[in-house]
Each structure stands twice: as structure tokens, then as C-alpha cells.
Amino acid sequence: MNRLWSAALAALLALGAASASMAQAPAPPPADPGPPLSGYPRSALRAPTPAELKTATYVRDVIYGHRDGMALTYDVFKPVKGANGALVVNMVSAGWRSSWAPPQERQARYQALIDKGFTVVALYHSSAPRFQVPDAVTDVRLGLRHIKLHAADYGADPKRIGVWGASAGGHLALVAGLMADDGDPAAANPLERSGNRVAAVVAYFPPTDLAILLQGRPKAGPIAFEDRLFASVSPIHNVDARDPPTLLLHGEADRGVPLAQSEKMKAALDKAGVENRLKTYPGADHDFYVKGDPAKTDAYATDAMTEMVAWFEGRLKR
């Protein structure tokens, strides 16, 4: 009996030691989920909580124009409390593909702005693969005219509008900011007679000189347009002293849109005397992605969002 008890006790002690060893073993590192969409932090790529959904109301599917018989639209997110009278337009574009989603599914991406009292507009353009970069450029410039003309309808000041986007959306944010004008009084379209100037720009890893970025690439989808049009859709060729304050955020190891695209833009803005800042992220590829280090990727994306909100707070709020 004593021998049986001793054997049982030894087995229990061995099991306890094994359990303790397992408890003390370091946890495996989290799996790398890959690049985040458009450089958003993971917390912004989830469904909004019920509490967050109560912080905004929506004006859905506002039609600002038409292309080939199809409506061009935007959605408006209006803060329920604490609206500060400023408005930020997000260029919904990745690879110049503009994918619509219901406002209640997209709200978490804008929550950091809504919480600070900003009205937010999700602006959609005619999308790849059917339409090309020049079409998107024309659309967002028209969309900004409509937004400015109707800003007061959304509780916002048309003089306090900012634009923001990532990658192709960053390119279009720079288009909206640097290719703006005061309208053409002789235009056939009444909307084209209204101005589309904005007060601030934030662009994540943006294409700025398409002749350099796209030269030699296969003509397919959104870039299947003639080389002679490169300059007309490249914001680098439209910099002047009237341009709005511009924040550029870019990964130093970006292979999709090399850092030189933002560096060249900064140099042009500096030369024109336009307020600007370029912040870079060491080791970050496109979308602020650091391969094998999801924590650093998310830290960079979170920092970028913090920088974006702060830029608009400093230049749009009264």
C-alpha cells in the first residue's frame, strides 16, 4: 500500500512540475497578419461598438455628379455631440479602387476624428478597374466643389475643410489640396463654377510624380492611360504658394511607393513657401508594414492616425 501511495504521489508531483514548466514557458509571438489596410491601426478596422454608433449620424449617398450614367456619391458622418464646425474628407481609394461600404461599417476608421468633433465625409470616385487615374482626379475635384457648397448643410464651415487619404487616396488628397481653384464662371456645369480649395491636407505614403512612379509599368487597370497625361494628374507639378498646410507620412522602406515620392513633394512645398512636414517611419514598408513585427506595424499606424488628427486640430479648429 505504501508503495502504491508513493508511486501515486510521485506521479502527481511529476504532473505538477510539468504544468509549472508549461505555465512558465514564454508565449509564442503573435502571428503576423500582414499589412494593414491603407495604414489604419487594427483598432480602426473593426466593426464599431454600439456605443460608438451613437456618437454619429449619417447623411447617406449624397450624389455629387454622374459618370457614364452612374451616380458619384459621398457619405457624411456628423458628430452627435461636440461638433467643432470643421470637416475632413477621406479619399476612399486603394489602388484607385473606391469600394463602397455602409457608413455603420466604416465608422471605426473615423472614430478618432468624430470623437474630436470633426464632421467626416467618405468620398467615393469612379473606380478601377473600369475607370482610370484621370477619371478619379476629375471626380474628387468635382466632389470637393459639392462638399464646400453644402458644408453648412452638414454643420460645417466651408473654410475649414481638410482632406486625407492613403496611397492612391493620399495621391487624391494631394490632388484635392494642390490642384484646387476658385471655380470657372463660364463652366457649363454650375457646380464647376464653385471653388474647391481646402485648408489642410494629410497624405499617407502618396504617389506624387506618376511619371517616375509608373513609367515602364504594364498598362492595366487604373494606370492604362497615356504617358502624356502623367503630368496632368501628378500633384508635384501643381505646387504654388496658395497651397494648404500639408502633412506627409511615409515608411522609410516603402517598396510600393518609394519614400522619394514624399521627399520630392516636401522639397517642392518648401520651395513654394508652403507649410509642410514629412514624418518617416524606420523600417516600414507600404501601409506602415514591418514584416514579422505586427506590434511595431500597429504602433506606426496608430502614431500616424494621432498625427493626422493633431494636424487637423491645429489647422481647422478655432
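As the structure is a prediction and not an experimental result, all values here were calculated from the model.

S.K.: With reference to specific residues and values, describe the packing of helix α5 (residues 133–150) against helix α6 (residues 168–178).
M.R.: Across the interface, α5 lies against α6 with an axial gap of 9 Å and an inter-helix angle of 50°. The angle between α5 and α6 falls in the class oblique. Here α5 runs over α6; the crossing is right-handed. Of the residues in α6, those touching α5 at V133, A136, V137, V140, R141 and L144 are H171, L172, V175 and A176. Its residues assigned to classes, the contact of α5 with α6 shows eight nonpolar, one polar and one charged.

S.K.: Can you break down the side chain of S194 residue by residue, with the values?
M.R.: By the element assignment, S194 lies in the loop between α6 and β6 (200–204). Exposure remark for S194: the relative accessible area of 16% places this residue in the buried category. Contact partners of S194, with chain neighbours within four places excluded, come to R145, L149, D182 and G183.

S.K.: Any chance you could break down the pairing of β6 for me, citing the residues and the numbers?
M.R.: With five of five residues buried, β6 is to be regarded as a mostly interior element. Residues A200, V202 and Y204 point to one face of β6 and V201 and A203 to the other, with burial holding for every one of them. Pairing geometry for strand β5 (residues 161–166) and β6, over five bridges, is parallel. By the bridge assignment for β6, G162 is matched with A200. Note that the unit made of β5, α6 and β6 has a crossover that is right-handed.

S.K.: Let's hear about the pattern of salt bridges: which residues, and what values?
M.R.: For the structure shown, the criterion picks out 21 salt bridges. A salt bridge links R277 to E307, with the nearest nitrogen and oxygen atoms 2.7 Å apart. With R277 in strand β8 (residues 276–281) and E307 in helix α9 (residues 294–316), this pair connects stretches of sequence that are 30 residues apart. Classification of R277 as partly exposed rests on a relative accessible area of 34%. Among the charged side chains, a network of salt bridges with common partners joins R141, R145, D181 and E192.

S.K.: Requested: an account of α5, with residues and values cited.
M.R.: An ideal rise of 1.5 Å per residue puts 26 Å on 18 residues; α5 measures up with 26 Å between its terminal C-alpha atoms. Among the residues making up α5, those that are buried are V133, P134, A136, V137, D139, V140, L142, G143, L144, R145, H146 and I147.

S.K.: Residue-level account of the packing of aromatic side chains, with values.
M.R.: Here the structure, examined in full by the defined rule, presents 13 aromatic pairs. Ring centres of Y204 and F205 lie 5.9 Å apart, and the angle between their planes is 55°; on these two criteria the pair is classed as tilted. Since its relative accessible area comes to 1%, Y204 is described here as buried. On the numbers, 5.0 Å between centres and 55° between planes, the contact of Y281 with Y300 is tilted. Of the two residues, Y281 sits in strand β8 while Y300 sits in helix α9, which places them 19 residues apart along the sequence. When sorted by exposure, Y281 lands in the same class as Y300, which is buried. Clustering of aromatic rings is evident, with ring pairs tying together Y40, Y58, F77, Y110, W164, Y204, F205, Y281, F288 and Y300.

So, how was this worked out
- Residues numbered from 1 in each chain as written.
- Predicted model: local features only at pLDDT ≥ 70, side-chain atom pairs only at ≥ 80, totals over all residues.
- Heavy atoms only, no water.
- Axes fitted to C-alpha atoms, helices over the stretch in contact; angles between N-to-C directions.
- Helix = DSSP H or I, 4+ residues; strand = E, 2+ residues; numbered from the N terminus.
- Parallel < 35°, antiparallel > 145°, perpendicular 65-115°, else oblique.
- Left-handed = near helix turned anticlockwise from the far one by under 90°.
- Contact = heavy atoms within 4.5 Å.
- Nonpolar A, V, L, I, M, F, W, Y, C, P; charged D, E, K, R; others polar.
- Buried < 20%, exposed > 50% of the residue type's maximum accessible area, 1.4 Å probe, protein only.
- Pairing = 2+ DSSP bridges.
- Right-handed = clockwise from strand over helix to strand, strands pointing away.
- Salt bridge = Lys/Arg side-chain N within 4 Å of Asp/Glu carboxyl O.
- Expected span 1.5 Å × (residues − 1).
- Phe/Tyr/Trp six-rings, centres within 6.5 Å; stacked < 30°, edge-to-face > 60°.

Any link to function would need more than the numbers given here.
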